[in-house]
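Structural description and commentary
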Amino acid sequence: MDIEVALVSAFTVNGKGGNPAAVVFNADRFTDAQKLKIAQAVGYSETAFVASDNEADFEVSFFTTTAEVDFCGHATLATFSTMFQEGMLTAGTYVQRTKAGMLSVSIEPNGKVVMDQQLPEKIAGFSYQEIAHVIGIESDILESTNLPIEAISTGLADVIIAVPHGYLDAIEPNDERIADFCKQHNLVGFHVFELCEVQSKHTASCRNFAPLFGISEESATGSSCGALACYLTEHLTELGSEYVFEQGRAMNCHSIITASVESNNSIINSVKVGGFANSIGSVIVAV
C-alpha cells in the first residue's frame, strides 16, 4: 500500500532552517520492520510513527534509517506541531507514550511546542585523553574549559563535551571513531558545545554527531539539548535555568532549541525542551 508521510522541519528560526523529520499517522497498522522500511525510504535522521494508546493520548515510536530509538526531540516537535497546524489538536497539554516513558507535550497558542524529557541520568564520565583522540582535539585544549566530559541521558545517552570558544566549527568528525566509541560504551552520540559570548542571545552553540545510528551530523537535537541543559545547571549555575541553544551552523542549517530546568536543592525535577516547526511537504511511500 501507499502511505503519505508528512515532512517537517523542527526547531526552525523564523520558518527557516531546522532539522527535518518525517511523521506517519495511523501507525497502528505497521510492524516494526515496516516502520524501519518507511524510515529508510524517507531517508531523514528520524521518522515518528503515531499510534493510538489506551492510557496516553498517543503512542509515538521513533526510527532512524538503521534502528528504533527510545526518543527523539525534534521528531516529537514535528509530530505535535503538525497535528496543531492541521487542526487535529488545539493548544493544550498532551501525553505521549514513548520507549523513554510517558512524557507530556504542551502546545502554546502561537504554535510553539514544549516537551517534557526524562529526568537526567548521568551514565559515565570520561577523561580528556579518552575523548581527544575520538573528537580530534588535543586533550589540553579540552581540559582548558575546566568542564567535565559526561554521558547524560534525558531519553537518549549522549556524551556532553565542552570546547573553548572558536573550536566548535573546526571539528571534522571521524564517523568511524565516534561510532566505535559509542558502540563500546552503549551511547548514542557526541553533543559538543561552546559557550556563547556574554552579549549573545544564545547560551551555547552545539554540534551533534551520531554516526552509530546513521547520523553523521544533525542540525537540531532536542534530547541532547535537554541533557546539555541539565549539565549546565549542575556545572555552571551562574547561567540560570533557562537556555537558548543554537545548532546546525556548521551545516548551514540554523536551528534554535530552548530548554528549561527546574531543580530543588540541586535535585532536578523537570526538564523541558521547546521550539517551532514548519511543514516542508509530504511524500508517498510504498509499504
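Predicted model, so just to flag it, every value in this text is computed and none were measured. (Residues numbered from 1 in each chain as written. Predicted model: local features only at pLDDT ≥ 70, side-chain atom pairs only at ≥ 80, totals over all residues. Heavy atoms only, no water.)

**A closer look at the overall build of the chain**
Formally: Segments assigned H or I by DSSP are reported as helices when at least four residues long, segments assigned E as strands when at least two residues long, and all are numbered from the N terminus. We compute the radius of gyration over the C-alpha atoms and compare it with the globule rule, which gives 2.2 Å times the number of residues raised to the power 0.38. Each residue is assigned to one of three classes by its accessible area relative to the maximum for its type, calculated with a 1.4 Å probe on protein chains only: buried under 20%, partly exposed between the two thresholds, exposed over 50%. Residue contacts are counted whenever heavy atoms from the two residues lie within 4.5 Å of one another. Reported accessibility uses the Shrake-Rupley method at a 1.4 Å probe radius. Residues are deemed covered only where the shown protein chains occlude them. Just so you know, the count uses Lys and Arg for positive and Asp and Glu for negative, and it drops His and the chain ends. By convention, the charge on Lys lies at NZ, on Arg at CZ, on Asp at CG and on Glu at CD.
Counting its regular elements, the chain contains six helices and 18 strands. For 287 residues, the compact-globule formula gives about 19 Å, and the C-alpha radius of gyration of the chain, at 18 Å, lands near that figure. Taken over 287 residues, the chain has a buried fraction of 54%. Here the contacts in the chain between residues at least 6 apart in sequence split such that 64% fall between residues at least 24 apart. With an accessible surface of roughly 12200 Å², the chain has 46% of that area assigned to carbon and sulfur atoms. Measuring between centres, the 14 positive side-chain charges of the chain sit 5 Å from its 35 negative side-chain charges.

**Examining unusual backbone geometry**
Its identity as a non-glycine residue notwithstanding, Phe11 has a phi of 65°, on the positive side. Relative to the assigned elements, Phe11 resides in the loop between β1 (2–10) and β2 (19–24). Overall, Phe11 belongs to the buried group, its relative accessible area being 0%. In this model, Asn265 sits at a positive phi of 55°, which is unusual for a non-glycine residue.

**Topic: the state of the cysteines**
By definition, a disulfide is the covalent link that joins the sulfur atoms of two cysteine residues. Going by this rule: What counts as a disulfide here is a pair of cysteine sulfur atoms lying within 2.5 Å.
Summed over all chains, the structure comprises zero disulfides. Not part of a disulfide, Cys206 finds its nearest cysteine sulfur in Cys225, a span of 4.5 Å. Accessibility expressed as a relative area gives 2% for Cys206, which makes it buried. Unpaired in this structure, Cys253 has its nearest cysteine sulfur neighbour in Cys225, at a distance of 14 Å.

**Notes on helix α2 (residues 73–85)**
Under the convention used in this document: Here, expected helix span is obtained from the residue count minus one, scaled by 1.5 Å.
Under the 1.5 Å per step criterion, the end-to-end length of α2 is 18 Å for 13 residues, consistent within 8% with the ideal 18 Å. Counting buried positions along α2 yields eleven of 13 residues, so the element is predominantly enclosed. For α2, the full list of buried residues reads Gly73, His74, Ala75, Thr76, Leu77, Ala78, Thr79, Phe80, Ser81, Thr82 and Met83. Among the residues trailing α2, Gly87 stands out with phi positive, at a value near 80°.

**Looking at the pairing of strand β16 (residues 255–264)**
Note the cut-off: Whether two strands pair depends on DSSP finding at least two bridges between them.
Inspection of the sheet shows strand β15 (residues 242–247) paired to β16 by six bridges, in the antiparallel sense. Within β16, the residue paired with Val244 across the bridge is Thr258. Sheet analysis places β16 next to strand β17 (residues 267–275), joined by seven bridges and oriented antiparallel. Residue pairing for β17: Ala259 is matched across the bridge by Val273. Hairpin connection between β16 and β17: a loop of two residues separates the two successive antiparallel strands, and Asn265 in this loop has a positive phi of roughly 55°.

**A short note on the environment of Glu46**
On the secondary structure map, Glu46 appears in the loop between α1 (32–42) and β3 (47–51). Sequence separation of Glu46 and Asp140 is 94 residues, and the distance between their C-alpha atoms is 35 Å. Sequence-distant contacts of Glu46, defined by excluding residues within four places in its chain, comprise Ala21, Ala22, Phe62, Phe63, Thr64, Val69, Cys72, His74, Ala75 and Ile215.

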